[in-house]
Amino acid sequence: MRIHVRKALCGVLACGMLAGLLPVAAGAASTPFYDVAGTAWYASAVNYVYSTKLMSGVEDKAFGPNIEATRGQIVTILYRLAGQPAVSGKAPFTDVSASSYYNSAVAWANAMGIVSGVGNGKFQPAGAITREQMAAIFYRYASYKKYNVSKTTNLSSFDDQWQISSYARTAVAWAVGSGLMNGTDAKNVSPHTLTSRAVLATSLMRFCNLYNVKVPDVTAGAATTVVAAVPTTTTITEQSVPTAAAPAAVTTPAVTTTPAATTTPASGQTVSTTTLDGSTIQTPKYTFQWPVQGRVSSAYGSRFIFGSTSFHRGIDIPAPLGTGIHAGQGGTVSFSGEQGSYGNLVIIDHGNGFQSYYAHNSQLLVSKGDVVQKNQIIAACGATGRATGNHCHFEVHYKGQVVDPMTYLPATNNAPANTIVAVLEEEALPVMTQEMLVLASIY
Ligand SMILES: [Zn+2]
């Protein structure tokens, strides 16, 4: 069995797609999300998963169609699809706390052999899933539900079929053969490409159509069947990660001793911006580089999120887990650590009254006191703190006041192409063993 290993990183998923079951406007034809156009190829799938409450937005009115789907999300979705059977006990992973919203989902999916951990007793709920992993997870879920999984396709029509991991070959052949998943083009099935939320929503809708699944009303309460959470020492445990797959070295930025290139604004050059209370103030003109490539999913200003209206102190730029976050300007790191809802936060003091904040990182690559250059990678993107998906929350402060970052950013995102500087171990899922099938059948 091939084991694909990427690098270990990242703290706990401190957020998620939890709550977010927003009410559906009756008879709404278009989607409730500003980032899903009615004409998008995935619009009907997004409407389907949203109206059946299988998936919700990642934030505010954003669905995040191009954001990668996470392990925590797919498990939560399948658990909803299964009617949320009651689970006794805690999921047997050190990074899944008993109080986390996905504890029951993970415990159930693990007990049923639908997913397993990534090794070292971890589940990595914020980890991204590849296309072959999604196929394997759906395949196991279908097997657990005793659906007919005999329809397959001949994978030899794909030039890259040799890249499919042995554990996932049957599942991919079934997923393509059943129309749940298409090739990424006529010649490729791209097994190791990460799954976007749009693709996940589409596959989910096709899965439900294929097997005529009636999505249970999850608000009606959990089913009464109790599934015991199983410890990782059963046959469902992971392959251990081979020594060759030891976590790769974290890219540690060189600490430079040269002074940061702070641009002192020329006197008389000012711009007007908006403060937290909505008033307009003048500040010196100053320009940051964008910290990461991506579109702004949530703007600065008041917004409705987590059930109430609040003021968003910065902008959000979604990017894949582990993507390098760049310093917007040179300066001195005045904070690098965990800070409440910011999660793993870096603050750079630019020495001219301006400070920039980079929040929700999975990993911090600079320390307090480091002098950093503009464009230097200072952290890896993540979803720590109060976040609903991997993104960079970017804030600008001027003399202690929060100001609109867009005032200080070029109109066009000028961050370098995204690079992954820290990634997760990939899971090599086991094939269904006889024990797992027996376990599934007694459920
Ligand atoms: Zn934010």
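It should be emphasised that the depicted structure is a prediction, and the values quoted were computed from it without experimental measurement.

S.K.: Describe in detail the overall build of the protein, supporting the description with residues and values.
M.R.: The helix and strand tally for the protein stands at seven helices and 16 strands. Residues classed as buried in the protein amount to 49% of the 443 residues present. Taking the intrachain contacts of the protein between residues at least 6 apart in sequence as the baseline, contacts between residues at least 24 apart amount to 75%.

S.K.: If you had to explain the packing of helix 4 (residues 131–144) against helix 5 (residues 169–177) to someone new, which residues and values would you point to?
M.R.: At their nearest, the axes of helix 4 and helix 5 sit 8 Å apart, and the two run at 85° to each other. Classified by the angle their axes make, helix 4 and helix 5 are roughly perpendicular. Each of E132, A135, A136, F138 and Y139 in helix 4 lies in contact with helix 5, whose residues at this interface are T170, A171, V172, W174 and A175. A class-by-class count of the residues in the contact of helix 4 with helix 5 yields eight nonpolar, one polar and one charged.

S.K.: How would you explain the environment of G328 if you had to name every residue and give the values?
M.R.: Positionally, G328 belongs in the loop between strand 8 (324–326) and strand 9 (331–338). On the basis of neighbour counts, which here come to 27 C-beta atoms within 10 Å, the residue G328 falls in the buried class. A sequence separation of 22 residues divides G328 from H350, and the C-alpha atoms of the two residues are 9.7 Å apart. The residues contacting G328, other than those within four sequence positions of it, are F288, Q289, P291 and S356.

S.K.: Describe the pairing of strand 7 (residues 315–318), listing the residues and the values that go with them.
M.R.: Every second residue of strand 7 is oriented toward a common face, with I315 and I317 on one face and D316 and P318 on the other, all of them buried. With four bridges joining them, strand 7 and strand 15 (residues 391–398) adopt antiparallel strand pairing. Note that in strand 15 the partner of P318 across the bridge is H391.

S.K.: Can you break down helix 5 residue by residue, with the values?
M.R.: Regarding helix 5, the residues found buried are A171, V172, A173, W174, A175 and V176. Contact partners of the buried residues in helix 5: helix 4. Just beyond helix 5, the residue with positive phi is G179, at close to 80°.

S.K.: Which residues make up the sheet that holds strand 8, and what values go with them?
M.R.: The sheet built from three strands is open, its strands ordered 8-14-12 with antiparallel pairing. Lying at the two open borders of the sheet, with one neighbouring strand each, are strand 8 and strand 12 (363–364). Both strand 12 and strand 14 (residues 377–380) contribute to a ladder of two bridges, which runs antiparallel. Residue pairing for strand 14: Q363 is matched across the bridge by A380.

S.K.: How would you summarise helix 3 (residues 103–111) if you had to cite specific residues and measurements?
M.R.: For helix 3, the buried fraction is high: eight of the nine residues fall into the buried class. Here helix 3 has its buried residues at S104, A105, V106, A107, W108, A109, N110 and A111. Just downstream of helix 3, G113 is the residue with a positive phi angle, here 75°.

S.K.: I'd love a proper account of the pairing of strand 3 (residues 270–274), names of residues and values included.
M.R.: For a regular strand, side chains alternate in direction, first toward one face of the sheet and then toward the other. Alignment of strand 3 against strand 4 (residues 280–284), held across five bridges, turns out to be antiparallel. Residue pairing in the sheet places T270 in a bridge with P284 of strand 4. Here strand 3 hands over to strand 4 after five residues, with G278 in that stretch at a positive phi of 90°.

S.K.: Go over unusual backbone geometry with me, naming the residues and quoting the values.
M.R.: We note that Q84 has phi near 50°; this positive angle belongs to a residue other than glycine. Locating Q84 in the fold gives a position in the loop between helix 2 (71–81) and strand 1 (85–88). If you check the backbone angles, N375 has positive phi at about 85° while not being a glycine. Tracing the chain through its elements places N375 in the loop between strand 13 (371–372) and strand 14.

S.K.: How would you sum up the packing of helix 2 against helix 3? Please name residues and give values.
M.R.: Look at helix 2 against helix 3: their axes get within 9 Å of each other, and the N-to-C directions meet at 80°. For the element pair helix 2 / helix 3, the angle class is roughly perpendicular. Seen from helix 2, the contacting residues are V75, T76, L78 and Y79; seen from helix 3, they are S104, A105, V106, W108 and A109.

S.K.: Tell me about the confidence of the model for the protein, and name the residues and values.
M.R.: Mean pLDDT over the protein stands at 77; residues scoring 70 or higher make up 75%. Counting interchain partners and residues more than four positions distant, the pLDDT-below-50 stretch residues 220–228 has 21 contacts. Within the model, the stretch residues 424–443 combines pLDDT values under 50 with 53 contacts to residues more than four positions away or in other chains.

S.K.: Describe the environment of Q373, with residues and values.
M.R.: By secondary structure assignment, the location of Q373 is in the loop between strand 13 and strand 14. Sequence-wise, Q373 and G331 are 42 residues apart; in three dimensions their C-alpha atoms are separated by 6.6 Å.

S.K.: Account for the environment of R169, with residues named and values stated.
M.R.: For R169, the location among the structural elements is in helix 5. The exposure class assigned to R169 is partly exposed, which follows from the 18 C-beta atoms found within 10 Å. Residues R169 and A135, spaced 34 residues apart in sequence, show a C-alpha to C-alpha distance of 9.2 Å. For R169, the contacting residues outside a window of four places in its chain are L155 and I164.

Thresholds applied
- Residues numbered from 1 in each chain as written.
- Predicted model: local features only at pLDDT ≥ 70, side-chain atom pairs only at ≥ 80, totals over all residues.
- Helix = DSSP H or I, 4+ residues; strand = E, 2+ residues; numbered from the N terminus.
- Buried ≥ 20, exposed ≤ 12 C-beta atoms within 10 Å, placed from the backbone.
- Contact = placed C-beta atoms within 7 Å.
- Axes fitted to C-alpha atoms, helices over the stretch in contact; angles between N-to-C directions.
- Parallel < 35°, antiparallel > 145°, perpendicular 65-115°, else oblique.
- Nonpolar A, V, L, I, M, F, W, Y, C, P; charged D, E, K, R; others polar.
- Pairing = 2+ DSSP bridges.
- pLDDT = per-residue confidence, 0-100.

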